[in-house]
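Survey of secondary and tertiary structure
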Amino acid sequence: MEQEPVRTKPKWLRKMERESWQPELIISGAAILGSLQLPGLIEQFEYYCLLNFDRDTLFICYIAVIYWRLVALGLIFTFIFHFIVRALWIGLVGLNSVYPGGFRTNNKFSRHYQERMREEYGDIDGFIQSLDRLGSGIFGIAFGIAGVFVNFGLVTVLFIFIHSWLIGYGLEQRQIWVAIGCLLLPLFLASVLTMVSHLERFRDTAFVRKYQWPAAMFISRLTYPVARRYITTSTNLVTSYYADNKGFGFYYIAGLALIIIIGTSSMLANDNISFFIDAVYHRMADDPTRAPDAFTTESTYEGIYFQPVIGRTEGEPDARGMTVWVPLPEREIAFLESTCSVAEVDDDLPRGERRRLNRERTLACAQEYLEISLNDEKMTVDLKRQYRTNEAGEQFGVLAYLPDPPLRKGVNTLLVVAQYPEEDSGEPRRSYVPFYH
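Quick summary incoming for the structure in this document. Everything quoted here is computed from the prediction, not taken from an experiment. (Residues numbered from 1 in each chain as written. Predicted model: local features only at pLDDT ≥ 70, side-chain atom pairs only at ≥ 80, totals over all residues. Heavy atoms only, no water.)

Following the criterion strictly, the structure yields 1 disulfide and no others. Disulfide pairing is shown between Cys 340 and Cys 365; the S-S distance is 2.0 Å. Because the sign of the S-S torsion sets the handedness, a value of about -90 degrees for the bond joining Cys 340 and Cys 365 places this disulfide among the left-handed ones. Separated by 25 residues along the polypeptide, Cys 340 in the loop between helix H12 (330–339) and helix H13 (351–369) and Cys 365 in helix H13 bring together distant segments of the chain. No disulfide involves Cys 49; its sulfur sits 3.5 Å from that of Cys 61, the nearest cysteine. (Disulfide = S-S within 2.5 Å. Helix = DSSP H or I, 4+ residues; strand = E, 2+ residues; numbered from the N terminus.)

A word on the packing of H12 against H13. In the contact formed by H12 and H13, the axes pass within 10 Å of each other and the chain directions differ by 90 degrees. By the angle between their axes, H12 is roughly perpendicular relative to H13. On H13, the residues touching Glu 332, Phe 335, Leu 336 and Glu 337 of H12 are Arg 361, Thr 362, Cys 365, Ala 366 and Tyr 369. Grouping the constituent residues of the contact of H12 with H13 by class yields 5 nonpolar, 1 polar and 3 charged. (Axes fitted to C-alpha atoms, helices over the stretch in contact; angles between N-to-C directions. Parallel < 35°, antiparallel > 145°, perpendicular 65-115°, else oblique. Contact = heavy atoms within 4.5 Å. Nonpolar A, V, L, I, M, F, W, Y, C, P; charged D, E, K, R; others polar.)

Read across the sheet, 4 strands follow the order S1-S2-S6-S5 without closing on themselves; strand pairing throughout is antiparallel. Edge positions in the sheet fall to strand S1 (309–310) and strand S5 (382–390), since each has one partner strand and no second. As paired strands, strand S2 (residues 321–327) and strand S6 (residues 393–403) are joined by 7 bridges and run antiparallel to one another. Residue pairing across strands places Pro 327 opposite Gly 397, the latter belonging to S6. (Pairing = 2+ DSSP bridges.)

Attention now moves to the packing of aromatic side chains. Applying the stated criterion to the full structure yields 14 aromatic pairs. Here Phe 152 and Tyr 224 contribute two aromatic rings whose centre-to-centre distance is 6.1 Å and whose plane-to-plane angle is 25 degrees, an arrangement assigned as stacked. On the criterion of sequence distance, the pair formed by Phe 152 in helix H5 (residues 124–168) and Tyr 224 in the loop between helix H7 (206–223) and helix H8 (228–242) is long-range, its members being 72 residues apart. Judged by relative accessible area, which is 18%, Tyr 224 ranks as buried. Arranged with centres 6.5 Å apart and planes meeting at 55 degrees, the rings of Phe 335 and Tyr 369 form a pair that is tilted. Of the two residues, Phe 335 sits in helix H12 while Tyr 369 sits in helix H13, which places them 34 residues apart along the sequence. Phe 335 gets classed as partly exposed once you look at its relative accessible area, which sits at 22%. Relative accessible area serves as the criterion here: at 3%, Tyr 369 is assigned to the buried category. Counting every residue linked through ring pairs, the aromatic cluster contains Phe 275, Tyr 281, Phe 306, Phe 335, Tyr 369 and Tyr 420. (Phe/Tyr/Trp six-rings, centres within 6.5 Å; stacked < 30°, edge-to-face > 60°. Buried < 20%, exposed > 50% of the residue type's maximum accessible area, 1.4 Å probe, protein only.)

Let's shift gears to the layout of surface pockets. Space inside the second largest pocket adds up to approximately 1,100 Å³. Lining the second largest pocket are 37 residues, with Glu 330, Ile 333, Ala 334, Phe 335 and Glu 337 positioned closest to its centre. Those elements giving two or more residues to the lining of the second largest pocket turn out to be helix H2 (21–52), helix H3 (55–98), H5, H12, H13, S5 and S6. It is H12 that contributes the most residues to the lining of the second largest pocket, 7 residues altogether. (1 Å grid on protein atoms, 1.4 Å probe; cavity = no way out; pocket = protein on both sides within 12 Å on 5 of 7 lines; lining within 4 Å. Points joined across faces, edges and corners; volume = space filled by probe spheres on them.)

It is worth spelling out the side chain of Ser 373 at this point. By the element assignment, Ser 373 lies in strand S3 (residues 370–374). Each residue touching Ser 373, except ones within four places of it in the same chain, is listed here: Lys 378, Met 379, Thr 413, Leu 414 and Leu 415.

With 62 residues, the main nonpolar core has Phe 276, Met 322, Val 398, Leu 402 and Leu 414 as its most contacted residues. Counting residues per element, this core draws most heavily on H3, which supplies 13 residues. When residues no more than four places from it in sequence are discounted, the contact partners of Leu 414 are Pro 308, Ile 310, Val 324, Ile 372, Ser 373, Leu 374, Leu 402, Ser 431, Tyr 432, Val 433 and Phe 435. Of all hydrophobic cores here, the second largest spans 7 residues; its members include Val 85, Trp 89, Ile 124 and Ile 138. (Core = buried A, V, L, I, M, F, W, Y, C linked by side-chain atoms within 4.5 Å.)

Further remarks concern H7. Taking 1.5 Å of rise per residue, the 18 residues of H7 would be expected to cover 26 Å, and the 26 Å separating its terminal C-alpha atoms lies within 8% of that figure. Turning to H7, its buried residues number three or more, namely Val 208, Ala 215, Met 217, Ile 219, Ser 220 and Thr 223. (Expected span 1.5 Å × (residues − 1).)

In this section: H3. Between its first and last C-alpha atoms H3 spans 65 Å; for 44 residues at 1.5 Å apiece the expected length is 64 Å, and the two agree. For H3, the capping residue at the N-terminal end is Asp 54, with a side-chain oxygen 3.1 Å from the backbone nitrogen of Asp 56. (Polar contact = N/O pair within 3.5 Å; in protein donor to acceptor, adjacent residues only side chain to side chain.)

Before going further, it helps to spend a moment on empty space enclosed by the protein. Within the structure shown, the criterion is met by 2 cavities of 30 Å³ or more. For the largest cavity, the lining is made up of 13 residues, of which Val 326, Glu 332, Val 416, Arg 429 and Ser 431 are closest to its centre. Sorting the residues of the lining of the largest cavity by element identifies S2, strand S7 (411–421) and strand S8 (428–436) as the ones contributing at least two each. A total of 3 residues in the lining of the largest cavity trace back to one element, the largest contributor, which is S7. A class-by-class count of the residues in the lining of the largest cavity yields 9 nonpolar, 2 polar and 2 charged.

Structure, rendered in structure tokens:
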């Protein structure tokens, strides 16, 4: 077997490797602070998805936000772990400089105990070097893996906007997935070819020698559009050293298990993720015995509105009249416009007139789409468009004016039925709002 040539590293590079802990600590501290901001940014992305994408696109968003939360938690834990390892290393280096002779024998402890102590923990220099290698390894691998996840995440976000764009042109879900599948087919075939070509049976054939590397480069360029060289170098450095290690498979499985645990924890800790699921969205307010969870009368409310809001800015309801604001996120607007019996506005009209007529059509469609009842009495309402803006973003809805509402002393129940169907049962979405008068 041929020996690999030994390359002499420049002096400055060897010095940088020995003292890499200094920039590591600075960058790691900045990385911890930066990664701690990720959950908040992801939450804003979740709000954007929930307000601006249709039902079919929200399924891709659902996968994407779980993925991004997993990445964020993984980075936070990794950089904190690196910081702890480096802190331990610095502490041990300091102690070793103060006590350079290592353990000294004394008369306070038994000779046997001290011999075992020296045998087990006496190699302080070796332990310092191990911590140093561990810290540098974690630091490099963390950025490599972060690069992999960021690239996959960017590709996923691109698919989300492409899917939403195609839905806007009236394509069916099946047609879009066929188109996306055709785009991904070359990448899938190249991935399968590369995996199979590494098997001992095929790896040295003329076909593999000719096509294996071009296929690998094709996959790399498509999957890692950002920082491709660093990601490939760092990940292959690790696998090249440990691929033949018997414990490599164990650590791989353990890493996957840890990822699953972190991912599950991120789902359970975040309420927004469940809102992407259509069945959850339908049953959120379908309970006449439960009062609204969000205190929407408070100006500090920062979330997304998923159920009607009574008299928030126009005062409390009374016998003369009341208002109800009904939120209409994109998942409902897309269905409302696709099923509306009102004719679509001519695209050849002047922009100003077209915009006005589109607004009027939206309200006319909402009149067909919504059914509002108060205390089991169906109400005839006048609708106006209204946006509500808070920390979660700008949310569209319609404001319904209810003149002479049939209020009664005590608990009243408002029911808003939207024609948005549940995927399995086809039942319309029902939202109950109990309130006291």
